[in-house]
Amino acid sequence: MMNSGYFSRVEALIPSRLNEIETIVDTLLECIHNKGTIWIIGNGGSASTADHFEVDLSYVRLTLKEITVKVRSLCANAALLTAIGNDIGYEKIYSHQLMRNAGPGDVCFAVSASGNSPNLIEAFKVCTEKSVKKIALLGFDGGELIDLADESVLVQSEIGLFGPVEDIHLSICHFIASVLKDRLFETAK
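The model shown is predicted, which means the values in this text are computed figures rather than measured ones.

## Quick notes on the overall build of the protein chain
A count of helices and strands for the protein chain gives eight helices and five strands. When the elements of the protein chain are put in sequence order from the N terminus, they spell out α-α-β-α-β-α-α-β-α-β-α-β-α. Relative to the 2.2 N^0.38 estimate, which gives 16 Å for 189 residues, the radius of gyration of the protein chain is 16 Å and therefore close to what a compact globule would have. Projected onto its principal axes, the C-alpha positions of the protein chain cover 50 × 50 × 30 Å. The buried share of the protein chain, reckoned over its 189 residues, is 47%. Restricting to contacts in the protein chain with at least 6 residues of sequence separation, those with at least 24 account for 70%. For the protein chain, the accessible area works out to roughly 9,500 Å², and carbon and sulfur atoms hold 52% of it.

What follows is the structure in structure tokens.
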């Protein structure tokens, strides 16, 4: 017989309050309406969530031709990431891209279970300098990013519980994309 403990841990992490998520949706809508860009960053499993979230947000653009959603996962270009990591330093793989491309009115959306990755912290520091809003989807205790973020959702859990936290992060991204799509349809009518 299989142990269902994993799924019980995931279920226990489902957010019961949606206030923080609603605020994030409002911020992303403002960015979209103002023709800003949503930059998404993460490491490991969170990088795959970042790439997945880009796909979900980009799909909104395909179904609503009158609305342009500019979104880019900075995790997606392995050649660029390894060039920056090799030549400048791994902690600069996102901050370097943001320094060159992001600006006021944009949003940087970080996904991180620990909230302590040096490359994400460096990215948020550049965002502060460039007046880019910082959103963090975090786990465990939020790490350093919780204090650097303008807005955040914390999936609070015991440290080291990566799988369940990452599962909930992806579900939150799916939820945000779904709500954004509905809200964009309402404003396009």
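## Here's the deal with the pattern of salt bridges
Scanning all chains against the criterion turns up five salt bridges. Between Glu30 and Lys133 there is a salt bridge, with its nearest N and O atoms 3.6 Å apart. With Glu30 in helix 2 (residues 19-33) and Lys133 in strand 4 (residues 133-140), the pair connects residues that are 103 residues apart, well separated along the chain. Its relative accessible area of 41% is what places Glu30 among the partly exposed residues. Look at Lys133 and you get partly exposed, because its relative accessible area is 35%. Through salt bridges with shared partners, one network takes in Lys92, Glu122 and Lys125.

## Here we look at the state of the cysteines
Using the criterion set out here, one finds zero disulfides in the structure. The thiol sulfur of Cys31 is not disulfide-bonded, and the nearest other cysteine sulfur, from Cys108, lies at 11 Å. Its relative accessible area of 3% is what places Cys31 among the buried residues. Cysteine Cys75 shares no disulfide, and the gap to the nearest cysteine sulfur, in Cys108, comes to 9.6 Å.

## Examining the pairing of strand 4
In terms of residue burial, strand 4 counts as a mostly covered element, since seven of its eight residues are buried. Pairing analysis gives six bridges linking strand 3 (residues 107-112) to strand 4, with the strands arranged parallel. Residue pairing for strand 4: Cys108 is matched across the bridge by Lys134. One crossover worth recording links strand 3 to the parallel strand 4 by way of helix 6 (residues 118-129), and it is right-handed. Here six bridges tie strand 4 to strand 5 (residues 151-156), and the two strands are oriented parallel to one another. Considered in strand 5, the bridge of Leu138 is made with Leu154.

## Comments concerning the nonpolar core
Grouped together as the largest cluster of nonpolar side chains are 59 residues, with contacts concentrated most on Leu28, Phe53, Leu57, Tyr94, Leu98, Phe109 and Ile176. Per-element tally for this core: the top contributor is helix 8 (residues 162-188), with eight residues. Setting aside residues no more than four positions away along its own chain, Ile176 makes contact with Ile21, Ile24, Val25, Leu28, Phe53 and Phe109.

## A closer look at the environment of Ala136
Examined against the element boundaries, Ala136 turns out to sit in strand 4. Setting aside its immediate chain neighbours within four residues, Ala136 contacts Ala110, Phe124, Ala149, Glu151, Ser152 and Val153.

## Side note on the pairing of strand 3
Here strand 3 lies mainly inside the structure; six of its six residues are buried. Direction of pairing for strand 1 (residues 37-42) relative to strand 3: parallel, over a ladder of five bridges. Paired with Ile40 across the bridge in strand 3 is Phe109.

Reading the values: rules and limits
- Residues numbered from 1 in each chain as written.
- Predicted model: local features only at pLDDT ≥ 70, side-chain atom pairs only at ≥ 80, totals over all residues.
- Heavy atoms only, no water.
- Helix = DSSP H or I, 4+ residues; strand = E, 2+ residues; numbered from the N terminus.
- Rg over C-alpha atoms; globule rule 2.2 N^0.38 Å.
- Buried < 20%, exposed > 50% of the residue type's maximum accessible area, 1.4 Å probe, protein only.
- Contact = heavy atoms within 4.5 Å.
- Areas by Shrake-Rupley, 256 points an atom, 1.4 Å probe, with all protein chains shown as cover.
- Salt bridge = Lys/Arg side-chain N within 4 Å of Asp/Glu carboxyl O.
- Disulfide = S-S within 2.5 Å.
- Pairing = 2+ DSSP bridges.
- Right-handed = clockwise from strand over helix to strand, strands pointing away.
- Core = buried A, V, L, I, M, F, W, Y, C linked by side-chain atoms within 4.5 Å.

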